[in-house]
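Secondary and tertiary structure notes
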Amino acid sequence: GYRDYRPSPLGGCWICENWVEVEIRWTPGLSSAVPQHEIEFAYFYLSLDNFAEACTMSKQQNGEFIGYRMLPPTHRSLDLVFQINDELVAAQNYAKAKLDKPLQIHIQKGADKKNDDEDEPLIASVDSVNSITPAHKAMERFMKAKGNALCILDDPTDRNKFVVRPRTSVQKARAKEVGWSFDKSVWAMYKIEDANAQDRCFHTDWKMVQPKVEKILRTAGCGDEEINVIKQHLKEANEYIRMIYKYYSSVNTTGNSVFGVTLNYYTTMLDAGIKEPHKVPRRTTDTIFIQAMLVHEQQKTALKVRNEKGLTRFQLMECLVRIAEQKFDPTKPGTLADVVKVYLQDIKEHGRQLLDDFNTTRRYCFCEEVDKVFRTNIEVLRTCFEGYAGRSISRPREYLTLQEWLLLMSETGAYDDNFASRDASVAFAYGMQWVLDDCASRRHMEMTFPEFLVAMGHLVRMRSGWAPELFAECCEEFFVGKLAPVADQLLESGNTPWLTKKQTGGTFESQLENMTKTIKQIFETNDDDGSGTLSKREFLNAFSSDSCVKLLSPFGIQSVHFKALFALLDADGSGQVEYHEVVEGFLHVVQRFKADERAFAWLRQTFYDADTDGSGELDLSELRSALCSAAAMEKLQRLGIGVDDVEQLLHKVDRDHSGTVSLDELLDGYVEIRDPEVALDSGTKLFLTELFHAADIDKSGTLTADEFMAVYHSPGVRSKMATMKLKFEPGELEEAIGVIFQASDDKQLTLPQFLEGMRQLKQTLLVRSLMNKTADPAKPGKKGKKPGQETIASVSQARGGRRLSTSGEDSVDSKRLGTASTSASSPR
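Residues numbered from 1 in each chain as written. Predicted model: local features only at pLDDT ≥ 70, side-chain atom pairs only at ≥ 80, totals over all residues. Heavy atoms only, no water.

**Focus: the overall build of the chain**
A count of helices and strands for the chain gives 30 helices and 20 strands. Per-residue burial for the chain yields a buried fraction of 51% across its 828 residues. Accessible area for the chain stands at about 38,900 Å²; split by element, carbon and sulfur atoms hold 49% of it. (Helix = DSSP H or I, 4+ residues; strand = E, 2+ residues; numbered from the N terminus. Buried < 20%, exposed > 50% of the residue type's maximum accessible area, 1.4 Å probe, protein only. Areas by Shrake-Rupley, 256 points an atom, 1.4 Å probe, with all protein chains shown as cover.)

Here you go:
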């Protein structure tokens, strides 16, 4: 609703502070139904100066009215009102919100009223306002180091006066790239193989295989020149041969075995990789396998590690040469080198398929959005790695063996319809960095933590439900649903005494706990009268101060509109907020910030992928293609953009009506359209949907409390709910049901109502957990409760059914509370 906008004291120069020129447009027929010929003049007003100044809009040749205004670099939305002739209106093509009560503004008089009494002001009212957010243009300007350090300002309360400010030392911002890069990601320590490493690997393998292969080739009549040609063919195909080896040597490997291509998978490889006209009889290929397994005298000293039943990498190369030699017919045109080239062409095609799948996984994994998921869950990942590294010898170790990796897969329940135990060893191998010589040591069987993180990406890619656009969600569901419970058990069991819970941020839950402690400290310090509540003055003084913002910034609280946050927290209008209300308010901000960070990362990548010409803009058809695929639509729904909202998003994003859309416009449109609440993750939502249908015995499409209680006591349901942060004691079931069913008068819930009730329960449990963990045992609790013993009912009652997401009047503010920076200046 409408708030009293009072100008804040200026703190410096509006150019030094990177205020930006913003263009405001009124387009007849689009902004409203008023035709062009009926508009005599137009102005616009902004909440920046409490709607005091009428900003002139000039009529263009195409009939549009355009005006300009310098605005501060804020993420807070500024309200905007248009004056069209003598009437105040809100445009249809800008974000729009309805007010609680009409807003009255002193408007500009038209030309036919110039001779009227100048002392008689013309006042008009409006019941809706538009909103704009100038922060994106400000960030672009800052990154390009634009703006001069002038120190003469116009006074926002009186545009006919000027204010002189002392010159402050302003260091010119240097234009530099900011944003995500692999070198700053969780995988930064993982070394990606380059062309030089590939050449070194080939020469290492050739050195091992050269004595036997040269003997074979010379027996077949090849001279030095032809041998060099064959060597070059092998070198050109080496990347694909090594990819084939990586897959077939690792698939279905178990226990303490070393990777090697066994006879069965060697045969499978030839069947898949060699085309029918070039195939060699099975008896012949079996004989070649045995011949290649025989170690040459010069090779024995170098073979320190090998699979006695499988081919090494260089022995696979020997097999391919021998197979080509078997098909060579000296009586026909062509040389043995020609036959080798044909066979290697088949192998390259098969290897390219495997390599494309391998690289596709990494392309979708090594990105900003997935990196954020890994960072959020890094403590869980590290705990699982350190807990299983050394598990087989009961002492800590810096690397994970294949046996320990397979044990982790089994105990986390990682296997599903797509990801079987035979694939787990492949994920292990795919995570390993390329090794120059895999026969010199067991290094290629010993996984470091950076390799573990990469292997996790390949593992998630192999599981059911994966889609490129949903990689981040699939990773988070696996980490939270599968790994986190195992990590908790490792920390609590005492079987791995070398593990200690990290105190450096770690999981998202531990970050929230640290944030709550900080909020509690700020709250108690600023509760001047010791009432246990903060007035609006106390709240703003406490949380708007630079020192407090600095304390809260590590938790993602950097650009919060604190006045709007207080208004939403103070649901009863008492002018006071309690501690639990403040905790929940900031919890909402951080959750929204976290969700928006992920969303912005995905939208940026989607935009860049679609912007094939690098122009920085997409036309609407390109954007529609990028956002309306089945996978992208599912992704948008997870981001809080419903199917019906996509068309609205496409309509809103082209704000300047240029026919093209910039990244800024896309991000702005997302913030305005998306659901301000942070929804349940898809894994939890899927489980609860299945739970609903299982409990709905009479198939009525609704769920009663009795039906829910019955299914809750079914085997496995409580433990599954606990892994999804829906854990409460059996004695608290009645209180939990009270939260779930509070939205229904007849105590019957449809599926959407049930999901919303469970979301509210999850939020209540989280608030309770944070309050209990940060309670001070030395201080008495309220209403007879001991400190740290908040119940579901007490927290729910304190919340009073209040929701931070609102509709209608407050939607603009609630949507933008704590929104992550949407600056489009991040490089590709």
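On we go.
**With respect to the confidence of the model for the chain**
The pLDDT averaged across the chain works out to 79; a share of 79% of its residues lies at or above 70. Looking at the elements of the chain, mean pLDDT is at its lowest for strand β9 (residues 152–155), recorded as 40, and at its highest for helix α13 (residues 449–462), recorded as 96. Within the model, the stretch residues 1–12 combines pLDDT values under 50 with 30 contacts to residues more than four positions away or in other chains. Low pLDDT, under 50, characterises residues 138–178; the predicted model gives this stretch 67 contacts beyond four residues in sequence or across chains. (pLDDT = per-residue confidence, 0-100. Contact = heavy atoms within 4.5 Å.)

**Some points on the state of the cysteines**
By the definition in use, this model includes 0 disulfides. Left without a disulfide partner, Cys-365 is nearest to the cysteine sulfur of Cys-475, which lies 5.7 Å away. You can see Cys-474 has no disulfide; the closest cysteine sulfur is in Cys-475, sitting 7.1 Å from it. Overall, Cys-474 belongs to the buried group, its relative accessible area being 13%. (Disulfide = S-S within 2.5 Å.)

**Overview of the environment of Glu-647**
Position of Glu-647 relative to the elements: it lies in helix α22 (residues 643–653). A relative accessible area of 43% places Glu-647 in the partly exposed class. Separated by 19 residues in the primary sequence, Glu-647 and Cys-628 have C-alpha atoms spaced 9.5 Å apart.

**Brief notes about the packing of aromatic side chains**
A complete count under the given rule lists 26 aromatic pairs for this structure. With 5.7 Å between their ring centres and 90° between their planes, Trp-466 and Phe-471 make a pair best called edge-to-face. The exposure class assigned to Trp-466 is buried, which follows from its relative accessible area of 18%. Given a relative accessible area of 1%, Phe-471 falls into the buried group. The interplanar angle of 80° and the centroid separation of 6.3 Å between the aromatic rings of Phe-607 and Tyr-608 together place this pair among those described as edge-to-face. In this pair, the class of Phe-607 matches that of Tyr-608, namely buried. An aromatic cluster of three or more residues is present, and its members are Phe-182, Trp-187, Phe-366, Phe-374, Phe-478 and Phe-479. Just above the ring of Trp-434 sits the side chain of Arg-242; from NZ or CZ to the centre is 4.4 Å. One residue, Lys-246, lies across the ring of Trp-434, its end atom 4.3 Å from the ring centre. (Phe/Tyr/Trp six-rings, centres within 6.5 Å; stacked < 30°, edge-to-face > 60°. Lys NZ or Arg CZ within 6 Å of the ring centre and 35° of its normal.)

**Overview of the environment of Asp-609**
With respect to the helices and strands, the residue Asp-609 is situated in helix α19 (residues 579–610). Owing to a relative accessible area of 52%, Asp-609 belongs among the exposed residues under this scheme. Sequence spacing of Asp-609 and Ala-626 is 17 residues, and the spatial spacing of their C-alpha atoms is 8.6 Å.

**Focus on the nonpolar core**
Core analysis: the largest hydrophobic core is formed by 111 residues, its most contacted members being Trp-187, Tyr-266, Phe-374, Trp-405, Phe-452 and Met-456. Once you skip the residues sitting within four places of it in the chain, Phe-452 turns out to touch Leu-381, Phe-385, Leu-400, Trp-405, Leu-408 and Met-447. (Core = buried A, V, L, I, M, F, W, Y, C linked by side-chain atoms within 4.5 Å.)

**Considering the packing of helix α12 (residues 421–431) against α13**
Between two packed helices, what matters for the description is the angle formed by their axes and the separation of those axes. Between α12 and α13, the least distance of the axes is 7 Å, while the angle of their chain directions is 135°. As judged from the angle between their axes, α12 and α13 are oblique. For the crossing formed where α12 meets α13, the hand is right-handed. Seen from α12, the contacting residues are Asp-423, Val-426, Ala-427, Tyr-430 and Gly-431; seen from α13, they are Glu-451, Val-454, Ala-455, His-458, Leu-459 and Met-462. (Axes fitted to C-alpha atoms, helices over the stretch in contact; angles between N-to-C directions. Parallel < 35°, antiparallel > 145°, perpendicular 65-115°, else oblique. Left-handed = near helix turned anticlockwise from the far one by under 90°.)

**Examining α12**
With 9 of its 11 residues buried, α12 lies for the most part within the structure. Of the residues making up α12, those classed as buried are Asp-423, Ala-424, Ser-425, Val-426, Ala-427, Phe-428, Ala-429, Tyr-430 and Gly-431. Taken together, the buried residues of α12 touch α3 (224–250), α8 (336–365), β13 (400–401), α11 (402–412), β14 (446–447) and α13.

**Quick notes on unusual backbone geometry**
For Asn-50, which is not a glycine, the phi torsion comes out positive at approximately 60°. With respect to the helices and strands, the residue Asn-50 is situated in the loop between β2 (42–46) and β3 (55–59). Exposure remark for Asn-50: the relative accessible area of 28% places this residue in the partly exposed category. A positive phi angle, close to 60°, is found at Asn-85, a residue other than glycine. Mapped onto the fold, Asn-85 is located in the loop between β5 (78–84) and β6 (87–89).

**Topic: the pattern of salt bridges**
This model, assessed by the stated rule, comprises 24 salt bridges. For Arg-242, the salt bridge identified is with Glu-193, shortest N-O distance 3.1 Å. Here the residue Arg-242 occupies a position in helix α3, and Glu-193 occupies one in the loop between β10 (158–164) and α2 (195–219), the gap between them amounting to 49 residues. A salt bridge links Glu-404 to Arg-397; its shortest N-O distance comes to 2.4 Å. The class of Glu-404 is buried, set by a relative accessible area of 1%. A single network of salt bridges, built from pairs that share partners, joins Glu-23, Arg-25 and Glu-64. (Salt bridge = Lys/Arg side-chain N within 4 Å of Asp/Glu carboxyl O.)

**Quick look at α3**
A bend of about 55° at Asn-238 is the largest found in α3. Positive backbone phi, approximately 65°, marks Asn-252, located one or two places after α3. (Bend = angle between axes of the 7 residues up to and from the residue.)

**A short note on the packing of helix α10 (residues 378–388) against α13**
Packing of α10 against α13 leaves a shortest axis separation of 11 Å and a crossing angle of 115°. With respect to α13, the element α10 is oriented roughly perpendicular. In the crossing of α10 with α13, the sense of the turn from one axis to the other is right-handed. In this structure, α10 uses Ile-378, Leu-381, Arg-382 and Phe-385 to contact α13, whose residues at the interface are Phe-449, Phe-452, Leu-453 and Met-456. Partitioning the contact of α10 with α13 into residue classes produces 7 nonpolar, no polar and 1 charged. (Nonpolar A, V, L, I, M, F, W, Y, C, P; charged D, E, K, R; others polar.)

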